[in-house]
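Chain residues, written in single-letter form:
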Amino acid sequence: MPLRLPDKLPAIELLKQENIFVMDDTRAHTQDIRPLRIAILNLMPLKVTTETDLIRLLSNTPLQLEISFMKLKSHTPKNTPIEHMMMFYRDFEEMRQEKYDGMIITGAPVETLNFEDVNYWDEMTSIFAWARTHVTSTLYICWAAQAGLYYYYGIPKYPLPKKMFGIFPQHTLQPQLPIFRGFDDVFQMPHSRHTEIHRDDILACPELSLIAESPECGVSMVMARGGREFFITGHLEYAPDTLDKEYKRDKDVRDDVELPKNYYRDDNPANSPLVTWRAHANLLYSNWVNYYVYQETPFDINEIR
């Protein structure tokens, strides 16, 4: 089944060009199916790009998903037209009385700040507390993963001596988990971050399970509450050219920008990227929707606790 998306969302036409099946609300209302309700709190600067990346992955499920985009009242994006935000996004306060089968909270370009110094931290903590009782399973990505681990479990983040930037092999530590169904023993994940979570801090917390890590980039996936929370420090959702755009943007303004590792063919930025993570990205999101959302959420969405 396809995704239910707001009419005229730019991602619809972009994904149709990739031969991905999506439908707008008008058509979806004619189908007598209870869709799974997925909320996306999109904190990334380029909203349309992130919307498209996530919808592309969520489309690979036989279930009908109804996507709702959440925004912060305490923060106004600088890189997305206000008309787009007003048309497709709703403030958290407008959604706080609703319940969702699943939720995704993205990264944000604030990772070098202390959490309490982020100008929307108070609203973020309200959303974190709300998700515990209003969402069946939540994916926290990159900065949101670090923020969620800090808020819920007191796990600190640490600055890196240099940016973790590139594609890194990850090892599954609990391959029997449904989230890894169909995975190989090693899978690739894009990373682009200046801070990290330490393995020892995760292992010292009995409520947390370290489920994937990398010899080079460290902790990559943590699970809590039996799969009601997943914390992913990288960006499996990234499109093939995302790191390329980031590298070329930054090298034009700074002289200390390194090539993303394991990314360009022959490590030559004149060549196209070698895409090695997309199959596992699609599999992870499909597994999450199936095993941790659809199989666990009550038929009456109001029964989510």
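Student: Teacher, can you tell me more about the nonpolar core here?
Tutor: Across soluble globular proteins, you tend to see nonpolar side chains buried next to one another. Leu58, Ile104, Ile179, Phe180, Met221, Tyr285 and Trp288 are the most contacted members of the largest nonpolar core, which has 48 residues in total. Beyond its immediate stretch of four places on either side in the chain, Tyr285 contacts Leu54, Leu57, Leu58, Ile104, Leu139, Ile141 and Glu237. Residues Ile105, Met124, Ile155 and Val222 belong to the second largest nonpolar core, which totals 40 residues.

Student: I'm lost on helix H6 (residues 121-134) in this one. Help?
Tutor: For an α-helix, 3.6 residues make a turn, and residues three or four places apart therefore share a direction. With 14 residues, H6 should cover 20 Å at 1.5 Å per step; its first-to-last C-alpha distance of 20 Å lies within 8% of that length. Along H6, the residues classified as buried are Trp121, Glu123, Met124, Thr125, Ile127, Phe128, Trp130, Ala131 and His134. Close packing links the buried residues of H6 with strand E3 (36-41), strand E4 (65-71), helix H5 (92-95), strand E6 (100-105), strand E7 (135-141) and helix H7 (143-153).

Student: Just to check I follow, could you spell out the layout of surface pockets for this structure?
Tutor: A probe matching the size of a water molecule, rolled over the atoms, marks out where space remains unfilled. There is about 890 Å³ of room inside the largest pocket. Secondary-structure elements contributing two or more residues to the lining of the largest pocket are helix H3 (47-58), strand E9 (186-196) and helix H9 (242-251). Per-class residue counts for the lining of the largest pocket are 10 nonpolar, nine polar and 12 charged. Taken as a whole, the second largest pocket holds about 320 Å³ of empty space. Its residues assigned to classes, the lining of the second largest pocket shows 11 nonpolar, five polar and three charged.

Student: Sorry, what's going on with the pattern of salt bridges here?
Tutor: Between side chains of opposite charge, pairing is possible as soon as their charged atoms come close. What the rule picks out here adds up to 17 salt bridges. Across the pair Lys163 and Asp250 runs a salt bridge, and its minimum N-O distance is 3.8 Å. Linking Lys163 in strand E8 (residues 158-172) with Asp250 in helix H9, this pair joins segments that are 87 residues apart in sequence. Owing to a relative accessible area of 22%, Lys163 belongs among the partly exposed residues under this scheme. Overlapping salt bridges, with partners in common, bring together Arg37, Glu66, Arg90 and Glu98 in one network.

Student: Help me understand the pairing of E8, please; the structure alone is not making it clear to me.
Tutor: Put simply, side chains in a regular strand alternate between the two faces of the sheet. Note that E8 and E9 share 10 bridges and pair antiparallel. Bridge pairing in E9 links Met164 to Arg193.

Student: Got a minute to help me understand H3 in this structure?
Tutor: Helix length check: H3, at 12 residues, gives a terminal C-alpha distance of 16 Å against a target of 16 Å (1.5 Å per residue), a fit within 8%. With 10 of 12 residues buried, H3 lies mostly within the body of the structure. Those residues of H3 lying buried are Lys47, Thr50, Glu51, Thr52, Asp53, Leu54, Ile55, Arg56, Leu57 and Leu58.

Student: What am I meant to see in the packing of H6 against H7 here?
Tutor: When two helices pack together, you describe them by how their axes are tilted relative to each other and by the distance separating the axes. Packing of H6 against H7 brings their axes to within 11 Å, and their N-to-C directions diverge by 75 degrees. Between H6 and H7, the angle is such that the two are roughly perpendicular. Residues Trp121, Met124, Thr125, Phe128, Ala129, Ala131 and Arg132 of H6 form the contact with H7, whose participating residues are Trp143, Ala144, Ala147, Gly148, Tyr150, Tyr151, Tyr152 and Tyr153. Considering only residue class, the contact of H6 with H7 consists of 12 nonpolar, two polar and one charged.

Student: What is the right way to read the side chain of Lys99 from this model?
Tutor: Turning to its location among the elements, Lys99 is positioned in the loop between H5 and E6. Buried charge without a partner: Lys99 forms no salt bridge, and the closest opposite charge is Asp300, 8.5 Å away. Within polar-contact distance, the side chain of Lys99 engages the backbone oxygen of Asn302 at 3.4 Å. Other than its neighbours up to four places away in sequence, Lys99 contacts Arg37, Thr133, His134, Ile301, Asn302, Ile304 and Arg305.

Calculation notes
- Residues numbered from 1 in each chain as written.
- Predicted model: local features only at pLDDT ≥ 70, side-chain atom pairs only at ≥ 80, totals over all residues.
- Heavy atoms only, no water.
- Core = buried A, V, L, I, M, F, W, Y, C linked by side-chain atoms within 4.5 Å.
- Buried < 20%, exposed > 50% of the residue type's maximum accessible area, 1.4 Å probe, protein only.
- Contact = heavy atoms within 4.5 Å.
- Helix = DSSP H or I, 4+ residues; strand = E, 2+ residues; numbered from the N terminus.
- Expected span 1.5 Å × (residues − 1).
- 1 Å grid on protein atoms, 1.4 Å probe; cavity = no way out; pocket = protein on both sides within 12 Å on 5 of 7 lines; lining within 4 Å.
- Points joined across faces, edges and corners; volume = space filled by probe spheres on them.
- Nonpolar A, V, L, I, M, F, W, Y, C, P; charged D, E, K, R; others polar.
- Salt bridge = Lys/Arg side-chain N within 4 Å of Asp/Glu carboxyl O.
- Pairing = 2+ DSSP bridges.
- Axes fitted to C-alpha atoms, helices over the stretch in contact; angles between N-to-C directions.
- Parallel < 35°, antiparallel > 145°, perpendicular 65-115°, else oblique.
- Lys, Arg positive; Asp, Glu negative; His and termini not counted.
- Polar contact = N/O pair within 3.5 Å; in protein donor to acceptor, adjacent residues only side chain to side chain.

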